[in-house]
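Letter by letter, the chains look like this.
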Amino acid sequence: MSEEFYLHIFNKQKGVEAVPSNQVVASWAINLMDLIYPERSTATKYTIAEIQGLFSGLERELTQILNATKACNNCNNESVSRAFFKGLPELYRKMNTDIASILSGDPAAKSEFEIIRTYPGFMAISMYRIANVLQKSDVPLIPRILTEYAHSQTGIDIHPGAEIGEYLYIDHGTGIVIGETTVIGDHVKLYQGVTLGALSVEKYMANTKRHPTIEDHVIIYSGATILGGETIIGDNSIIGGNVWLTKSVPPHSTVYHQSAIKVIETKHKD
């Protein structure tokens, strides 16, 4: 390789904004999840005083992560961390609605313990909910690191900027994509391979609504693709598998993909 290439890399590294490693950021969130959901951990049971100390430690750690993220030079990181943990009981309540939705909707789910410990959908939703709170506090980079970590672990890609209501039920989940400006109401069910995405847009449209709105009590079956910021799926609608939608549908609609399937029986000679 040429000296010019080495010089290019040398100069480029000087302009990189400091941010803690993805593993450090993800570990903070994992430790938080393990604390609020002891079902995830095999650690020794803590006293109330120890639990309080662990929460205080996680708050300090979040402040340290934010301080080390130089993309925001004038942020009041202690205030952001304090607000996050003050709102944690409400965040925890929302996470519990997701557990309740999975438990009531999935015949294979035997217990809350099983959902918390093993379900990728719950893992992805929880990481999104943590990231979304930080995103709303204008925290740079960290929210996306959290949701991309969850994406790498579960195959479920939820942008931290999406707005998602309570009781979200993700079944299986692999291949789900939920874009930045998506709005999802309450009691929505999503199956694997669903895309809530944008139509092809120019970069200047970054601050416009580019992704669909899914109203309450909607079911979207596997492989469905719903695109566009003006696309609204009305409440209590059912979107069938492999449907492609770029237009709104009214409430209480059923939309399905009709295809011709032939089964030909092969006769074997004796």
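See the structure printed just above.
Just so we're clear, the structure is a prediction, and the values are computed from it rather than from any experiment.

Moving on, we come to the packing of helix H2 (residues 22-36) against helix H7 (residues 120-136). Contact geometry for H2 and H7: axes closest at 11 Å, N-to-C directions at 110°. Of the possible angle classes, the one that applies to H2 and H7 is roughly perpendicular. Here the hand of the crossing between H2 and H7 comes out right-handed. Counting all contacts with H2, which are made through Ala26, Trp28, Ala29, Ile30, Leu32 and Met33, the residues of H7 involved are Phe122, Met123, Ser126, Met127, Ile130 and Leu134. Grouping the constituent residues of the contact of H2 with H7 by class yields 11 nonpolar, one polar and no charged.

Here the focus is the side chain of Thr97. By secondary structure assignment, the location of Thr97 is in helix H5 (residues 88-105). When its relative accessible area of 4% is taken as the criterion, Thr97 is described as buried. Apart from the residues lying within four places of it in its own chain, the contact partners of Thr97 are Glu166 and Tyr167.

Right, let's get into unusual backbone geometry. A positive phi is found at Leu141, a non-glycine position, where the angle reads about 65°. Secondary-structure assignment places Leu141 in the loop between H7 and helix H8 (142-154). Exposure remark for Leu141: the relative accessible area of 39% places this residue in the partly exposed category. In this structure, His217 takes a positive phi of about 60° despite not being glycine. Mapping His217 onto the fold places it in the loop between strand E8 (213-214) and strand E9 (219-220). Taking the relative accessible area as the measure of exposure, His217 reaches 41% and is therefore partly exposed.

What follows concerns the pattern of salt bridges. This model, assessed by the stated rule, comprises seven salt bridges. Between Arg93 and Glu166 there is a salt bridge whose closest N-O contact spans 2.5 Å. Of this pair, Arg93 sits in helix H5 while Glu166 sits in the loop between strand E2 (163-164) and strand E3 (169-171), and the two are 73 residues apart along the sequence. The closest approach of N and O atoms between Arg129 and Asp98, which form a salt bridge, is 2.7 Å. Placement of Arg129 in helix H7 and of Asp98 in helix H5 is noted, with a sequence separation of 31 residues between them. Both residues of the pair, Arg129 and Asp98, belong to the buried class. Ionic contacts of the salt-bridge type, sharing partners, join the residues Glu90, Arg93 and Glu166 into one network.

What follows deals with the packing of aromatic side chains. Following the criterion strictly, the structure yields seven aromatic pairs and no others. Ring centres of Tyr37 and Tyr92 lie 5.3 Å apart, and the angle between their planes is 40°; this geometry places the pair in the tilted category. One end of the pair, Tyr37, is in the loop between H2 and helix H3 (48-67); the other, Tyr92, is in helix H5, and 55 residues separate them in sequence. Tyr92 sits in the partly exposed class, given a relative accessible area of 33%. Aromatic pair Tyr37 and Phe122: ring centres 5.5 Å apart, planes at 85°, arrangement edge-to-face. Of this pair, Tyr37 sits in the loop between H2 and H3 while Phe122 sits in helix H7, and the two are 85 residues apart along the sequence.

By size, the foremost hydrophobic cluster in this structure holds 38 residues, and its most contacted members are Trp28, Leu32, Phe84, Phe122, Ile130, Ile142 and Leu146. Listed by contribution, the elements that provide at least two residues to this core are H2, H3, helix H4 (77-86), H5, helix H6 (112-118), H7 and H8. The element contributing the most residues to this core is H2, with eight residues. The next biggest cluster of nonpolar side chains, apart from the first, holds 27 residues, and it includes Ile125, Ile170, Ile178 and Ile226.

Further remarks concern the sheet that holds strand E7 (residues 195-197). Sheets are built from strands that pair by backbone hydrogen bonding, the pairs being arranged parallel or antiparallel. If you walk across this open sheet you meet the five strands as E1-E4-E7-E10-E13, and the pairing is parallel. Every other strand in the sheet has two partners, leaving strand E1 (157-158) and strand E13 (244-245) as the edge strands with one partner each. In this sheet, strand E4 (residues 177-178) lies alongside E1 in parallel orientation, the contact comprising two bridges. What sits directly across from Asp157, in E4, is Val177.

Calculation criteria
- Along every chain, residues carry numbers that run from 1 in the direction the sequence is written.
- Per-residue local features are limited, in this predicted model, to residues with pLDDT of at least 70; the limit for side-chain atom pairs, both in listing and counting, is 80 or more; totals at the level of whole chains, interfaces and linings are taken over all residues.
- Excluding hydrogens and water, the side-chain values take into account all heavy atoms of the structure.
- As a rule, the C-alpha atoms of each element are fitted with a line to give its axis, helices using only the stretch in contact, and angles between N-to-C directions run from 0 to 180 degrees.
- Only DSSP runs of H or I with at least four residues qualify as helices, and only runs of E with at least two residues qualify as strands; both kinds are numbered from the N terminus onward.
- Angles below 35 degrees are treated as roughly parallel, those above 145 as roughly antiparallel, those between 65 and 115 as roughly perpendicular, and all remaining angles as oblique.
- Each crossing is labelled by how the near helix is turned from the far one, with a counterclockwise turn of less than a right angle marking it left-handed and a clockwise turn marking it right-handed.
- Residue contacts follow a heavy-atom distance rule, with two residues in contact if any of their heavy atoms lie within 4.5 Å.
- Gly counts as polar in this scheme, as do all residues outside two lists: the nonpolar Ala, Val, Leu, Ile, Met, Phe, Trp, Tyr, Cys and Pro, and the charged Asp, Glu, Lys and Arg.
- Burial status follows relative accessibility: with a 1.4 Å probe on protein chains alone, a residue under 20% of its type maximum counts as buried, one over 50% as exposed, and anything between as partly exposed.
- Salt bridge, as applied in this entry: a Lys or Arg side-chain nitrogen positioned within 4 Å of an Asp or Glu carboxyl oxygen.
- Note on aromatic contacts: the rings of Phe and Tyr and the six-membered ring of Trp form a pair at centre separations within 6.5 Å, being stacked when their planes are under 30 degrees apart, edge-to-face when over 60 apart, and tilted otherwise.
- The set of buried Ala, Val, Leu, Ile, Met, Phe, Trp, Tyr and Cys residues whose side-chain atoms join them within 4.5 Å is what this entry labels a nonpolar core.
- The rule for pairing is simple: two strands pair if DSSP sees at least two bridges between them.

Function cannot be read off these values alone, since they describe shape.
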